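# Fold and contact review
The primary structure of each chain is shown beneath.
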Amino acid sequence: MAAGDPSAAATSDVPATSSSAASYPDRLREALVALSQACDSGVSNASEAASFTVSDVLDAFAAVMSAEADEGSDGGDDSTAARVSEQLLREVHEFLSRPLANQQMATDALSLVLPIPVAKLGAQTGGCGDIAAAILKFFVTNCSPRDMLSILCEALDAPMELPNCSSSFVLLLNALAEVLTKIQRRHIEQVKVALPAVLKVMCATVSECDEEHGKAVVDLFNAAHGIGNAIQEMCTAMVNKNKEGMCAILGLYSLQNIALASRSRQQDILCACGSVVLQHFRFLKFSGFTYVGLLTGSDVTAATDKLSKEDDADFLEGFSFAMDGAMLTVVWAYMYDDMSKYAGEELELALKEVQGNHMMKWEAINMLKYVLSSICYPWIIKSHGINLLLSLAGENHVQETNNHVDFTSYAPCIFATLKAIESVMMAAPEALMRKKAFAALKKVISMVPSSQRFDILQALVNNSMSSSLTAILLDLVREEILRESRQAENDRVESDGFQGHGELPPWASHVLELVELILRPPHGGPPCLPDHGDQVISALNLLRFILIIDSRGPRSGKLFQKETLHKVHSEWLIPLRPIVAGIQSENKRDDCEIANQIVCSLNPVQLVLYRCIELVEERLKGC
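Residues numbered from 1 in each chain as written. Predicted model: local features only at pLDDT ≥ 70, side-chain atom pairs only at ≥ 80, totals over all residues. Heavy atoms only, no water.

### Observations regarding helix α19 (residues 358-367)
For α19, the tally of buried residues reaches seven of 10 residues, placing the bulk of the element in the interior. Along α19, the positions that sit buried rather than exposed are Met360, Lys361, Trp362, Ala364, Ile365, Asn366 and Met367. Of the residues that open α19, the one with a side-chain oxygen 3.1 Å from the backbone nitrogen of Met359 is Asn357. (Buried < 20%, exposed > 50% of the residue type's maximum accessible area, 1.4 Å probe, protein only. Helix = DSSP H or I, 4+ residues; strand = E, 2+ residues; numbered from the N terminus. Polar contact = N/O pair within 3.5 Å; in protein donor to acceptor, adjacent residues only side chain to side chain.)

Printed below as a string of C-alpha cells:
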C-alpha cells in the first residue's frame, strides 16, 4: 500500500485504546493481497482459502468487539471499534471496486464467506451500515441471484447474539429483498427457501429485544416490508395458478408480520404498529384478501389450502400466527385512526355483512380467541378486541340461534372463545376492561342455542380454576334458569296450559350436578372454606333457587324426588353445617382483622345454608 494512500493514513490515526485494534486493517490488507494473487493464478482452491483468511480477520475483530461489549467498555472504546469497523469495511469495498485480472473469481469467493462478518461490522455506528450495505449490494449485483439467495438465507440462519445483532439482520434482509427482485424463474420455490429464514429472524428478534432496542425492531419490520415488496413484484409478473400461489404466500407472510408486530412490547414498534399493519394490509388487498375473509378466517384457510401440499408442511409452519394476524388486522383497523380512514366503508360493510349472517358471526367471534387467549398481545389490543366482539354480537342481549341448526361442530370453538374471554375478565389490569369482558361473556353465552347453553355453562364450571370465576358462572346458570322458567310459563299461558305439563326443564340434567360439584367435590371431603367461599355461596343460592322453582307451577316436585332430597340433605348440606359453624366460632375467638374478615365472609354462607336445610326438610315432610 502506497504511503500516500488515504486508508493507510486512516490507520495511523486510529487510537490504540482497544487491544491491537489498529493491527486489523493491516492484517486485512495482507489477506486481500493474498486473495488477489490467488485469483491471478486462476486456482479456485487457493482463492477459496484466501477468502476464508479475509473472513477470519473480520470475524476476529467482530468477536473482539462483542467481548469488549460484554465487559462493558466505555464510550472511547466504542468510538474506536466503530472507526476500525468502518475502515475494515472500506478496505473490502475498495478491493471489490478495483479492476482485477480475475475479478469474478474474487467476488464469488468473498460472497460465500463475507455476508455474516460484513453484517456484524455494519451494525456499528457511524458510516458502517452504509458501507456494509454497499458491499452486500455489490455481491447481489455481481453474483448469481440463486446462489446469493442461499448464501443470505444461511447467513440469516447463523447464530448471532440478540438483540445486538438486530441491525445486522436488517442489512441481510435488505440484501435478500434485492436478490428476490432478480430471480428470473422458479419464483415460488425460491420464495419458499427464503421466507422460513426471514420469519425465524423476525420471531426471534421481536421476542428477545427489549425497550432499549425498539428502534432496531422498527428497522427490522421496514426490512420485512421490503421483502413483501419484492414478492409483490414477483406476483405482478406471474399468471394463472403460479400467481395465485404466490399471492397466497404474500398474504400469509403479511398476516404473520402483523401478528409479530402486535406482539412487540417495545414502545417504538407499538407506536409504529399501525403503519406496519397498514403497509401489510396493502399486500393483503393486492393478494385478494377482504375484511369479511379476515373476520371469519376464510381467507387464511383458502390461502393455506392452496399451499397445503405434503412437501409444504414445514413451510406452512412459518405462518403459525396467520389466524392471529387476520383478526389483528381487523382490530387494528377498528382502533387505529389512519387504518380506519384507509379501511373506511369497506370495513363497515364487512361488519354489517358478518353481523347479518349468524354462522359467519360465530366464525368471527371465534376468531377473536386467537388474540384474547394469548399472553403475547398488549392489553390495549385485547381491549379493542373485546369492543369488536361486542359490536359483532349486536345490541340485543339474547340472540338465539334456531334450535334446529346443528351447532355441535361449533361447540369446541365457542368453549375456547369463552375461556379466552374469561382470561381477560380475570386478568385485565383495568376494572372497565374486566367489566366489558364480562358483558362479552354473557352475550356470547346468550347467543348459544338454549338446547346447548347449559352444556356450555357446565363445561365452563367444570374447567374453572378460580373460586370467584366459578361463582360468577353459577350466577349465570341461575339467571339462565330464571329466564328459561319465565319463558316456559309464558309458553304455557299462550297454549292455554297444555304445554310443558310433567316435563322436566332443559336445565334439570345439569344444575344438580353443578351444585354437587361444589358442595361435594369429586376429590372427596367438604368444600375448602373460607378459600372457596365465593363458589360455595353461589352454589347454595342456586340450590335454594331451584328448590323454590321446583315447588311451584305445573311441574312441581318433578326435579326433587324423595331420594334426591335425602341425598341433598344428608350428603351436601348437613356435613357442611358443622364446618361453617366451627370456622365461624374459631375466628370469633381470634380478635384480629383477618379473623373478622373470615367471619364476615362466612356469614352469608351460613344464612343461605340454613335456609336450604329448612327448604329441604319442609319438602321431606310432605313426601
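Picking up after the structure, the text goes on.
### Concerning the environment of Ser47
Mapped onto the elements, Ser47 comes out in helix α3 (residues 44-71). The exposure class of Ser47 is buried, given its relative accessible area of 2%. In the structure, Ser47 is positioned 12 residues away from Leu35 in sequence and 5.7 Å away in space, judged by C-alpha atoms. Non-local contacts of Ser47, meaning those with residues more than four positions away in its chain, are made with Leu35, Ala38, Cys39, Met105 and Ala109. (Contact = heavy atoms within 4.5 Å.)

### Some details on the nonpolar core
Judged by nonpolar contacts, the single largest core of 204 residues is most densely connected at Leu519, Leu540, Leu543, Ile546 and Leu573. Tallying contributions element by element places helix α12 (residues 240-263) first for this core, with 12 residues. (Core = buried A, V, L, I, M, F, W, Y, C linked by side-chain atoms within 4.5 Å.)

### Section: helix α23 (residues 431-447)
Over its 17 residues, α23 runs 25 Å from end to end, which matches the ideal 24 Å to within 8%, given 1.5 Å per residue. All buried positions along α23 are accounted for by Met433, Lys436, Ala437, Ala440, Leu441, Lys443, Val444, Ile445, Ser446 and Met447. (Expected span 1.5 Å × (residues − 1).)

### Let's talk about the pattern of salt bridges
Counted by the stated rule, this structure contains 18 salt bridges. The partner of Glu348 in a salt bridge is Lys352, with the nearest N and O atoms 3.6 Å apart. One end of the pair, Glu348, and the other, Lys352, are both in helix α18 (residues 337-355), four residues apart, so they sit about a helical turn from each other. Relative accessible area serves as the criterion here: at 51%, Lys352 is assigned to the exposed category. Put simply, Arg611 and Glu614 hold a salt bridge, and the shortest N to O gap is 3.3 Å. A residue pair is termed a helical-turn pair when its members lie 3 or 4 positions apart in one helix, as Arg611 and Glu614 do in helix α30 (residues 593-622) at three residues. Look at Arg611 and you get partly exposed, because its relative accessible area is 34%. The network of salt bridges with common partners includes Arg453, Glu480, Arg483 and Glu484. (Salt bridge = Lys/Arg side-chain N within 4 Å of Asp/Glu carboxyl O.)

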